[in-house]
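# Fold and geometry: a report
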Amino acid sequence: MLCGQESHALAFYADVMVNAEVAAHRVEAMDRFQPLLKDMLLQAGSFDNELEELPFVFVRYPEDRSFRTITWQVDQGKGKYHYGGIWQQDDGSIIELNGKSGRRLHSSTGSANWANWSGAIIYKILQIEENYYLLCYKQLDQYTKIKTVEQVSRTDDGGVELGQDGAFGPEGNQSRVILKYSADANCSIKYYPESKRIVYDHLSPMAGRIPGQGPSMAPDGSYEAYELQTDGTWKYIDKVYNQVNETPPQGGISTSEKDLFGRKRN
């Protein structure tokens, strides 16, 4: 548990940076939040703190709890979004995400170092055999969202690398699974351990539904997948016809009354 004024300040700024109506208030809270969080995480034993006081911040662990990611999104107004985050190992060491520059999640090739990555919400961490995969979400602008699957690994200098060359793609030539789709659509990625498949919505062109949007992409009701092979590679499956005893992810235009953060939609 956090304690005293530190707990109150972190919870307050986390709430304001995500939920305040005025963009300037959200940005000011964002600037104050990360230094306070960093100071708290540098304290001995901080990894054991579940950060339950910060409901609008995404704290995620792999199954073995060898590390965790702490990420957040801030709407800066005028279609601009900032992503902040901290990677923490179970020994307490941390790597900060600057969220302002570096490689973005727009390309299916190449890798990115955590410290220089432009950031995203990490909403789930998959631990599949000896590897870890981050499921990421990003609001690119008022018209477009992005979701990715990123294999993650530690570098020799202690850093964190996102994206693995040749991990995915029909020809084994992509570093990540990347879905770029309309902001008014719901697009899902899900791992099924029974079949060792990452299943996700197939996207098709559609006319823009948001004023000023133009042509976009949205799920069409069919699914694609990657299936883990015995040699550790991922085999691309262009159409998933049948998931025995399993339910495919639900896509299409979003009808949920709540967004990714559990807030009511406008």
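The structure displayed is predicted, hence computed values, not measured ones.

### Here's the deal with the side chain of Gln213
Tracing the backbone shows Gln213 in the loop between β12 (197-206) and β13 (216-228). Judged by its relative accessible area of 12%, Gln213 falls in the buried class. Side-chain polar atoms of Gln213 contact the backbone oxygen of Tyr143, separated by 3.1 Å. If we skip the residues at most four places from it in the chain, Gln213 touches Tyr143, Ser182, Ala183 and Gly208.

### Thoughts on the pairing of strand β10 (residues 176-182)
Along β10, five of the seven residues are buried, which leaves the element largely enclosed by surrounding structure. Bridge count for strand β8 (residues 144-154) against β10 is seven bridges, and the pairing is antiparallel. Considered in β10, the bridge of Thr148 is made with Ile178.

### With respect to the confidence of the model for the chain
When pLDDT is averaged along the chain, the result is 87; 86% of the residues meet or exceed 70. Long-range and interchain partners of residues 243-256, a stretch whose pLDDT sits below 50, account for 38 contacts in this model, where long-range means more than four residues apart.

### Considering the pairing of β8
Burial within β8 is extensive, with nine of its 11 residues counted as buried. By the bridge criterion, eight bridges tie strand β7 (residues 131-139) to β8 in an arrangement that is antiparallel. Pairing of Tyr132 across the sheet is with Val152, part of β8. Taken together, β7 and the strand that follows it, β8, pair antiparallel across an intervening segment of four residues.

What counts as what
- Residues numbered from 1 in each chain as written.
- Predicted model: local features only at pLDDT ≥ 70, side-chain atom pairs only at ≥ 80, totals over all residues.
- Heavy atoms only, no water.
- Helix = DSSP H or I, 4+ residues; strand = E, 2+ residues; numbered from the N terminus.
- Buried < 20%, exposed > 50% of the residue type's maximum accessible area, 1.4 Å probe, protein only.
- Polar contact = N/O pair within 3.5 Å; in protein donor to acceptor, adjacent residues only side chain to side chain.
- Contact = heavy atoms within 4.5 Å.
- Pairing = 2+ DSSP bridges.
- pLDDT = per-residue confidence, 0-100.

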